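# Structural characterization, general
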Amino acid sequence: MGRNYTRGVPVVSPAEVSARRPVPAHIARPEYVDRPAPERFAGEEVKDADTIARMRVAGRLAAQARELVGSHVVPGVTTDELDRIGHEFLCDHGAYPSTLGYRGFPKSLCSSVNEVICHGIPDARVVEDGDIVNIDITAFIDGVHGDTNATFLAGDVDEETRLLVERTKESLDRAIKAVKPGRKVNIIGRVIEAYAARFGYGVVRDFTGHGIGTAFHSGLIIPHYDDPRFDDEIRVGMTFTIEPMLNLGTPDYDMWDDGWTVVTRDRRRSAQFEHTLLVTEDGAEVLTQP
């Protein structure tokens, strides 16, 4: 991702993408790698004890990778270098980077800079002072996935952007507290949307949280806005992600020609945070803590 300007405002643009990084042969791959699409999930959203135990391992490893990569988000680093750090950490711990080869995605994490809402492809762009960078990384190990992301500040970030990042994290924290068995999943989006509205932020609607486990995306949808059509009951043992994307301006977006990179239509900044959760008897356990 390079940099150009629209009406005097710097915006992110594509840069060179390096060759795909190899994964050691002994590390198990998800079934979808280098196939057009994953197999249709036909399992249960409520997980058994063995799957949950494995997901705790995957989630912790993904969180450790997230924090390691995030610690390197500084002016002067390239997003490709951030990808290398995350890739090598996961491989060194026996995990496969879930995004690598998923529906053709070429890298081991997503790096979404400034107005990039999600799915940014790591490339030769240099992170600049004042940028924000979302690192979205998923570990596949022992047959299950752990998925997480966070937005990191590079250097001296302006107050408006810093508050957006803080409040996006707060919206996730509030949504997690709303998870209770017996409620409908749309309570999650209701909490996020109500909080974001206090600040006039746009809430991205077309990219959502999802069920996760042996499948990267199970088919369960967790919206970040209030919609009564999403009436799946939250049940003990379910595992899913919540990953709100809040924008300083419009929730509308454009997609680059790469078919992945999603940017705000007004090119104002966007922030995101994500955890993988396990529903418990009295709430939710965050599986993606380091």
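Throughout this document, residue positions are counted from 1 along each chain, in the order its sequence is written. Thresholds applied to this predicted model are a pLDDT of at least 70 for local features of residues and 80 or more for the giving and counting of side-chain atom pairs; totals over whole chains, interfaces and linings are not thresholded and use all residues. By convention in this description, side-chain values take in all heavy atoms of the structure and omit both hydrogens and water.

### Observations concerning empty space enclosed by the protein
Formally: Cavities and pockets were defined on a 1 Å grid built over protein atoms only: a cavity is a set of grid points that admits a 1.4 Å probe from which the probe cannot escape, a pocket is an open set flanked by protein on both sides within 12 Å along at least five of seven lines, and lining residues are those with an atom within 4 Å of any such point. Grid points are joined across faces, edges and corners, and a volume is the space filled by probe spheres set on the points. Working definition: helices are DSSP H or I runs of at least four residues, strands are E runs of at least two. Numbering for both runs from the N terminus. Under the scheme applied, nonpolar residues are Ala, Val, Leu, Ile, Met, Phe, Trp, Tyr, Cys and Pro; charged residues are Asp, Glu, Lys and Arg; polar residues are all the others, including Gly.
Enumeration over the complete set of coordinates arrives at one cavity of 30 Å³ or more. Here the largest cavity is characterised by a volume of approximately 40 Å³. Along its surface, the largest cavity is lined by Ser-112, Asn-114, Val-116, Ile-117, Ile-132, Asn-134, Thr-151, Ser-270, Ala-271 and Gln-272. Counting residues per element, the lining of the largest cavity draws most heavily on strand β15 (residues 270-272), which supplies three residues. Broken down by class, the residue content of the lining of the largest cavity amounts to four nonpolar, six polar and no charged.

### Details of the UniProt feature "domain: Peptidase M24" (unreviewed entry) in the protein
This is how the line gets drawn: UniProt positions are given in the numbering used here, feature names are shortened, and annotations may be inferred rather than shown by experiment.
Here the UniProt-annotated "domain: Peptidase M24" (unreviewed entry) positions come out as residues 54-281. From the first C-alpha to the last, residues 54-281 spans 19 Å; its make-up is 28% helix and 25% strand.

### With respect to the packing of aromatic side chains
The following threshold applies: Put simply, two rings from Phe, Tyr or Trp (the six-membered ring, in Trp's case) pair if the centres are within 6.5 Å, and we call them stacked under 30 degrees between planes, edge-to-face over 60, tilted for the rest. Throughout this description, the term charge over a ring refers to an Arg CZ or Lys NZ atom that lies within 6 Å of the ring centre and within 35 degrees of the ring normal.
Using the criterion set out here, one finds eight aromatic pairs in the structure. Centre to centre, the rings of Tyr-195 and Phe-199 are 5.1 Å apart; their planes meet at 75°, and the pair counts as edge-to-face. A network of ring pairs unites the aromatic residues Tyr-32, Tyr-102 and Phe-216 as a single cluster. In this structure, Arg-205 is placed above the aromatic ring of Tyr-225, and the distance from its NZ or CZ to the ring centre is 3.7 Å.

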